[in-house]
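# Geometric and topological summary
Each chain, written out:
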Amino acid sequence: KFEFNPKDGIDNPALSLAEDTDGKGLGEPRFYLLNKESSETFGFCLHEELGCRGHIIRQVELGGLAQRRGLQDGDRLLQVNGHFVDNMDHSKVVQKIKASGNQVLLAVLDSNAYETAKALGRDLSQMLPADIRPRLCHIMRDKSGFGFSISGPEGAKGTFQLSVRRDGPAERAGLPSGSWLLELNGDSVRSYSHIQLARKLKRSGSKMTLLVASSAAEEFYRLWGLRVTATLADASWLPFKVRKLHMVKGPDGYGFLLKEENCSSGTTGEFLWEVDAGLPAERAGMKEGDRLLAVNGESIEGLNHQETVMRIRAQDEQVTLLVIDPAGDKFYRSVGLGTCYDE
């Protein structure tokens, strides 16, 4: 039996796909999209064990999110948010998961299949789809328009394929021709008719942000019953960038003040103010009003002010902060990225 949740999709898509195949497909990677609340954990630990290869799923919490989705003790982690991690340093893999905030896409392989593949010298990265990440593209209109057109089956809702004109604004923004439109300005187009989409496009004015996926990526997510969201997207084409600030404490400290403030979205955030001239924070590139996203590679989403301060103070003499300026923060939130951005 499988419970269907309209928000999360099939409760255990990996198991449902394997059950009716009489063993066919066993030993293949399984994919899980874990969505948690800020107060929750993903419900598992990632271990590195003496005498064992790989990043090992352990301590799967009974009744927790990981177990409900189908993760099993001993599974080996191969991919995090579309990035192959089997050959990556363990601490960096843990950091990648923590930096994901409240949503993470994992690819795992059961322990027996993993050990067999390793013994045979198989390249595990070849067992995984090449590129399953959707892409976010921000397009600025010029005198000729946006530089793309949309087609789809007549009468069908939510099925829109994009054709991109060469050397136009869309191509310069990184929009791949032949990709499928998933979101427009942070809103899903799944229920839109062609007429409704045309109206939405017209209301966008001189700029718009599209979430798109290739045919292969769209098929992958559909096959596994996973909902594609902006938090999984390649955001490298977007105009606003997060900044990584590495600071070594001086005699007068780092030279900034951290304040918790209310955001227009109704949530609270941690912001950086009173950046002292000539001290480590200013030399690292900190600007007044920057929003703090992560400390030493770990997202601060879900932490209160005191917990964030303690994390900054955890290493006495140095710290690395991930920040974004106010304009970038407002933009990313408008397209549904929250506090998790590509570095």
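Right above here is the structure, for reference.
Now for a description of the structure that goes with this document. Here the structure is a predicted model, which is why all the values come from computation and not from measurement.

## With respect to unusual backbone geometry
A positive phi angle is found at Asn-81, which is not glycine, with a value near 50 degrees. One can find Asn-81 in the loop between β6 (76-80) and β7 (83-84). A positive phi is found at Asn-185, a non-glycine position, where the angle reads about 50 degrees. Tracing the backbone shows Asn-185 in the loop between β12 (180-184) and β13 (187-188).

## Points about the nonpolar core
Counting residues in hydrophobic clusters, the biggest one holds 36 residues, and the most contacted among them are Phe-31, Leu-105, Leu-109, Leu-124, Leu-136, Tyr-221 and Leu-226. Ranked by size, the runner-up nonpolar core spans 19 residues in total, among them Phe-146, Phe-160, Leu-162 and Met-208.

## What about the environment of Ile-324?
Counting through the fold element by element, Ile-324 comes out in strand β20 (residues 318-324). Sequence separation of Ile-324 and Lys-241 is 83 residues, and the distance between their C-alpha atoms is 7.0 Å.

## Description of the pairing of strand β5 (residues 55-58)
Taking every second residue as pointing to the same face, both faces of β5 are buried, with His-55 and Ile-57 on one and Ile-56 and Arg-58 on the other. As paired strands, β5 and β6 are joined by 2 bridges and run antiparallel to one another. For His-55, the partnering residue across the bridge sits in β6 and is Leu-77.

## Focus on the packing of aromatic side chains
If you walk through the whole model with that rule in mind, you get 7 aromatic pairs. Each ring, one from Phe-240 and one from Phe-331, has its centre 5.2 Å from the other, and the planes form 40 degrees; the classification is tilted. Of this pair, Phe-240 sits in the loop between α7 (215-223) and β15 (243-248) while Phe-331 sits in helix α10 (residues 326-334), and the two are 91 residues apart along the sequence. Take Phe-240: its relative accessible area is 26%, and that puts it in the partly exposed class. A residue is classified by how much of its surface remains accessible, and Phe-331, at 10% relative accessible area, is buried. One aromatic cluster is present, built from ring pairs that chain together Phe-31, Phe-220, Tyr-221 and Trp-224. Sitting above the plane of the Phe-42 ring, Lys-36 keeps its charged end 5.4 Å from the centroid.

Rules used in this analysis
- The residue numbering used here restarts from 1 in each chain and proceeds along that chain's sequence as written.
- A pLDDT threshold of at least 70 governs which residues receive local features in this predicted model, and a stricter bar of 80 or more applies before side-chain atom pairs are shown or counted, although totals over entire chains, interfaces and linings include all residues.
- Values shown for side chains rest on all heavy atoms present in the structure; no hydrogens or waters enter the calculation.
- We count a stretch as a helix when DSSP gives it H or I for four or more residues in a row; a strand needs E for two or more, and each element gets its number in order from the N terminus.
- Only buried residues count toward a nonpolar core, which is a set of Ala, Val, Leu, Ile, Met, Phe, Trp, Tyr and Cys residues joined through side-chain atoms within 4.5 Å.
- Each residue is placed in one exposure class: buried if its accessible area under a 1.4 Å probe, protein chains only, is under 20% of its type's maximum, exposed if it is over 50%, and partly exposed if it falls in between.
- Strands were regarded as paired on the criterion that DSSP finds at least two bridges between them.
- For Phe, Tyr and Trp, where Trp contributes only its six-membered ring, two rings pair if their centres lie within 6.5 Å, and the inter-plane angle classes them as stacked under 30 degrees, edge-to-face over 60, or tilted in between.
- Any Lys NZ or Arg CZ found within 6 Å of a ring centre and within 35 degrees of that ring's normal is scored as a charge over the ring.

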